[in-house]
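Remarks on the overall topology
Residues per chain are reported as follows:
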Amino acid sequence: MVSKMFRTRSIAAGIAVLALGLAACSSGDGGDAETAGGDGGSDGAISVGFSQVGAESGWRAANTKSIQDALTEDAGFKLSFSDAQQKQENQIQAIRSYIAQGVDYIAFSPVVESGWDSVLEEAKDAGIPVILTDRAVDSEDTSLYVTFIGSDFVEEGKRIGDWVSENLGTEPINVVELQGTTGSAPAIDRKTGFEDAIAGNDNISVIASETGNFTRAEGKTVMEGFLQAYPDIDVVYAHNDDMGLGAIEAIKAAGKVPGQDIKVVTIDGVKDGMTALAAGEISYIVECNPLLGPDLADIIKTLDEGGTVEPRIVTKDEAFDQAGAQAVLADRQY
Amino acid sequence: MSAVGAVTRHRLFWPVVALAVLLLACVLKSNTFLDIAVRDGHLYGGPIDILRRSSVLLLVALGMTLVIATRGIDLSVGAVMAIAGAVALSQIAASDDPGSLAVVLSAIGSAVLVCLLIGVFNGFLVAVVGIQPIIATLVIMTAGRGIAMLITGGQITTVTSAPYKTIATGYWLGLPVAALIAGFFFLVTALITRRTALGVLIESVGINPVASRLAGVRARTIIWTVYILCAFFACVAGFIRSSDIMAADANNAGLFIELDAILAVVIGGTSLAGGKFSLVGTLVGVLVITTLTFSVTILGIPANAVSLFKALVVILVCLLQSPVVRRRLRRRRTAPVGTAPAPVEVPA
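Procedures and definitions
- Residues numbered from 1 in each chain as written.
- Chains lettered and ligands numbered in written order.
- Predicted model: local features only at pLDDT ≥ 70, side-chain atom pairs only at ≥ 80, totals over all residues.
- Heavy atoms only, no water.
- Buried < 20%, exposed > 50% of the residue type's maximum accessible area, 1.4 Å probe, protein only.
- Helix = DSSP H or I, 4+ residues; strand = E, 2+ residues; numbered from the N terminus.
- Pairing = 2+ DSSP bridges.
- Right-handed = clockwise from strand over helix to strand, strands pointing away.
- Contact = heavy atoms within 4.5 Å.
- Buried area = accessible area lost by both parts, 1.4 Å probe.
- Salt bridge = Lys/Arg side-chain N within 4 Å of Asp/Glu carboxyl O.
- Polar contact = N/O pair within 3.5 Å; in protein donor to acceptor, adjacent residues only side chain to side chain.
- Phe/Tyr/Trp six-rings, centres within 6.5 Å; stacked < 30°, edge-to-face > 60°.
- Lys NZ or Arg CZ within 6 Å of the ring centre and 35° of its normal.
- Domains from an automatic or database assignment.
- Patch = residues over 30% accessible without salt bridge, like charges linked within 9 Å, V, L, I, M, F, W, Y side chains within 5 Å.
- Areas by Shrake-Rupley, 256 points an atom, 1.4 Å probe, with all protein chains shown as cover.
- Disulfide = S-S within 2.5 Å.
- Core = buried A, V, L, I, M, F, W, Y, C linked by side-chain atoms within 4.5 Å.
- Expected span 1.5 Å × (residues − 1).

**Points about the pairing of strand 6 (residues 173–179) of chain A**
All names here are of chain A.
- Buried residues dominate strand 6, accounting for seven of its seven residues.
- Residues of strand 6 alternate between two faces, with Ile-173, Val-175, Glu-177 and Gln-179 on one and Asn-174, Val-176 and Leu-178 on the opposite face, all of them buried.
- Two strands pair when backbone bridges link them, and strand 6 and strand 7 (residues 204–211) are joined in this way by seven bridges, in the parallel orientation. Note on strand 7: the bridge partner recorded for Glu-177 is Ser-209.
- Traced from strand 6 through helix 7 (residues 185–198) to strand 7, the parallel crossover comes out right-handed.
- Pairing of strand 6 with strand 8 (residues 235–238) involves four bridges; the strand directions are parallel.

Below you can see the structure in the form of structure tokens.
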């Protein structure tokens, strides 16, 4: 009786483990799940393999949509798209499968900076040009990729710093900073750029800086702590909109008015952030443009016609104040 | 001596000390930390923030305590939170009148239904099919976030709805609604498990499922019940978390909260081997973890040292609690008089 029960149980457990294993495999193979044959540009279309980081934020969703909308069949492309679910091994696997399929171009947003050399070597040996979008890799050998297109995070932080320095730094102010995920390139660069920009202004002192992990909930929690610890905060600098929106909730809960008692400045310019900016709760946003699709399409067309492109292409990021946000909010895509 | 000894020997002595030390450190850094003021007609201050912040973890840890007491574990709580927020907020967002109480209540109702189904599923896998709890709940832990992503369409669903907002940021009688909700469920659970036989039955199942079944305890029903309860509490926690930011963030809502909840249960003195459980202990554990997170900001620990700081505090508390260390400490203090060894819980 007991042994029978045990057997049933272990079989069931075995099935569950198997199922999980299969699930893991199939998500790992996500790279080629959506490919449509991909025999390397028959019928004149340029075949492109794109490996996306994941779908972790509204920004990323807009980025994905932009790329899928730009690299259409009508425009002469054959796009194989894969979602790596924030895992480097999935991305490497996807890139390998693109190489095996013999696509014409590979583009991807590296989830982390390091560890790409060997797979990029394989692409190079196969003669497939690689284009990096949004995020960089730290390979010393720059011949491994053709170009890197994306925003300049340091510049974004610097522009926020300049605006704060010019508009608010005319009298002594206390700034608290909500950093992005510790160690991520945007968090490091946006902090550096801001620090550089305010270095010359003695009126501005950054009194606290903690990580809010790029999420609303943590931005709010950390801001609540700041409000308890520091009674005289004038400005909040958040590395992305979501953390800034969380901070606004915390400021309201403390009985203060965001935009008046405490000014909030952020980076990204997603729709929720722009809405808050139009309402005056956020004071200034430097955009980090996710709409890389059209630029990527241009680059591939240029390369395909035998042209050359710059090794580093910086996307145009705009900056908005309240009036600017009200003007563009209606036809904001993301 | 014996009175002092009894206090220091209590298994919650060190967690409470840790809590006091953390609060003291915060007060030293920010003198007004423990002040409670009335602002906009409600109480405001550090302790109130901690109470409000604790509510999410308390609810999750409450369910986790019951599950762990039956010798199980539920890793799916974070994903259940994400699903709860996704179901509720996408319904509110899709309605014509997001501010109406009826819409909010029906959204909450359907989210509770979905979460209860997940609880039934988890319980079924563990109690009926007999899969190891850690594997059984792993299914929803990984798949659940995917479900939540599907519901929200991969976006962060944001809504404006006054009644829903009340759940996390509202105040009733000057106290945060979130803390009142968590407190209510805590008291009800404590009453039901300690004033009826349910608590003893749960413990007996955890200590020896076979023996308790032979003694007439319906082990299967009890195990099934605790997983459903755990999913329900996680669901309520999901409402509070999503109401806090008025957005359903399928990726990040309740991420890694299962680990914090398990930690709170362990700090509270409930053994992972099942059996005896302490809800008050879990409450203390939750307060320690929440205060620890809060103190990071107050004390201004540099962002890249936060994980290390938390780990050190947790390891210290766990070490001071462990029977071996405590016996060593006591022996040193009370000379070699024959001290009775601490009662060791023997997992059957």
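Let's pick the thread back up.
**Re the interface of chain B and chain A**
- Counting residues at the interface gives 42 residues for chain B and 33 residues for chain A.
- The contact between chain B and chain A buries some 3000 Å² in all, and 55% of this surface belongs to carbon and sulfur atoms.
- Joining chain B to chain A, the criterion identifies four salt bridges.
- Where A:Glu249 meets B:Lys165, a salt bridge forms, and the shortest distance between an N and an O atom there is 2.9 Å.
- Counting the contacts that link chain B with chain A gives 11 residue pairs in polar contact (both at pLDDT 80 or more).

**Details of the packing of aromatic side chains**
- Counted under the stated rule, the structure contains 12 aromatic pairs over all chains.
- Judged by centre distance (6.2 Å) and plane angle (45°), the ring pair of B:Phe33 and B:Phe294 falls under tilted. Taken together, the residues span a long stretch of sequence, with B:Phe33 in the loop between helix 2 (13–29) and strand 1 (36–39) and B:Phe294 in helix 13 (residues 279–299) at a distance of 261 residues. You'll find B:Phe33 and B:Phe294 in the same group, each marked buried.
- Ring centres 5.5 Å apart and planes at 80° place the aromatic pair B:Phe185 and B:Phe232 in the edge-to-face group. In this pair, B:Phe185 is assigned in helix 8 (residues 177–195) and B:Phe232 in helix 11 (residues 219–245), connecting sequence segments 47 residues apart.
- The residue whose ring lies beneath A:Lys301 is A:Phe77, and the NZ or CZ to ring-centre distance is 4.9 Å.
- The ring of B:Phe277 carries B:Arg194 above its face, with NZ or CZ at 4.4 Å from the centroid.

**Thoughts on the pattern of salt bridges**
Residue and element names in this part refer to chain A.
- Under the criterion given, the structure shown has 20 salt bridges over all chains.
- The partner of Arg-60 in a salt bridge is Asp-134, with the nearest N and O atoms 3.0 Å apart. A residue pair is termed long-range when its members are at least 10 positions apart, and Arg-60 in helix 3 (residues 58–70) and Asp-134 in the loop between strand 4 (130–133) and strand 5 (147–150) qualify at 74 residues. Note on accessibility: Arg-60 and Asp-134 belong to one class, buried.
- Close ionic contact of Glu-122 with Arg-96 constitutes a salt bridge, the shortest N to O distance being 2.8 Å. In this pair, Glu-122 is assigned in helix 5 (residues 117–125) and Arg-96 in helix 4 (residues 88–101), connecting sequence segments 26 residues apart.
- Classification of Arg-96 by relative accessible area gives partly exposed; the value is 38%.

**Side note on the domain arrangement of chain A**
Residues and elements named next belong to chain A.
- On domain assignment, one finds that chain A holds domain 1 (34–151 + 290–316) and domain 2 (153–288).
- At the junction of the two partners, domain 1 supplies six residues and domain 2 supplies seven residues.
- Of the roughly 570 Å² buried between domain 1 and domain 2 on both sides combined, carbon and sulfur atoms contribute 55%.
- In this structure, the connection of domain 1 to domain 2 is made through one residue pair in polar contact (both at pLDDT 80 or more).

**Some points on a nonpolar patch on the surface**
- A cluster of nonpolar side chains, B:Trp172, B:Leu173, B:Leu175 and B:Leu180, forms an exposed patch at the surface whose accessible area comes to about 430 Å².
- A residue is classified by how much of its surface remains accessible, and B:Leu173, at 70% relative accessible area, is exposed.

**Looking at the side chain of A:Ser139**
Residues and elements named next belong to chain A.
- Tracing the chain through its elements places Ser-139 in the loop between strand 4 and strand 5.
- Reaching out from Ser-139, the side chain makes a polar contact with the side chain of Asp-117 at a distance of 2.7 Å.
- Leaving out residues up to four positions away in the same chain, Ser-139 has contacts with Asp-117 and Leu-144.

**Observations concerning the sheet that holds strand 10 (residues 284–287) of chain A**
All names here are of chain A.
- If you walk across this open sheet you meet the six strands as 7-6-8-9-10-12, and the pairing is mixed. The two strands at the open ends of the sheet, each matched to only one other strand, are strand 7 and strand 12 (319–320).
- Direction of pairing for strand 8 relative to strand 9 (residues 263–268): parallel, over a ladder of four bridges. Residue pairing for strand 9: Tyr-237 is matched across the bridge by Val-265.

**Points about the state of the cysteines**
Residue and element names in this part refer to chain B.
- This model, assessed by the stated rule, comprises zero disulfides over all chains.
- Cys-115 supplies the cysteine sulfur nearest to Cys-230, a cysteine that is in no disulfide, at a spacing of 11 Å.
- For the unlinked cysteine Cys-235, the closest cysteine sulfur is that of Cys-115, found at 3.2 Å.
- Its relative accessible area of 0% is what places Cys-235 among the buried residues.

**Considering the nonpolar core**
- Ranked by size, the top nonpolar core spans 86 residues in total, and within it B:Leu59, B:Met64, B:Ile92, B:Tyr164 and B:Phe239 carry the most contacts.
- Here this core takes 13 residues from helix 11 of chain B, the largest share from any one element.
- Other than its neighbours up to four places away in sequence, B:Met64 contacts B:Ile73, B:Asp74, B:Val77, B:Cys230, B:Glu258, B:Ala261, B:Ile262 and B:Val265.
- Ranked by size, the runner-up nonpolar core spans 36 residues in total, among them A:Met223, A:Ile248, A:Ala250 and A:Ala325.

**Brief notes about helix 8 of chain B**
- For helix 8 of chain B, which comprises 19 residues, the first-to-last C-alpha distance of 26 Å matches the rise-based estimate of 27 Å (1.5 Å per residue) to within 8%.
- Turning to helix 8 of chain B, its buried residues number three or more, namely B:Val177, B:Ala178, B:Ala179, B:Ala182, B:Phe185, B:Phe186, B:Thr189 and B:Thr193.

**With respect to unusual backbone geometry**
Residues and elements named next belong to chain B.
- The backbone of Arg-71 sits at a positive phi, close to 75°, despite the residue not being glycine.
- Position of Arg-71 relative to the elements: it lies in the loop between helix 3 (46–69) and helix 4 (77–94).
- Backbone geometry places Phe-256, a non-glycine residue, at a positive phi of 65°.
- If you trace the backbone, Phe-256 turns up in the loop between strand 6 (247–248) and helix 12 (257–267).
- By relative accessible area, Phe-256 is classed as exposed at 51%.

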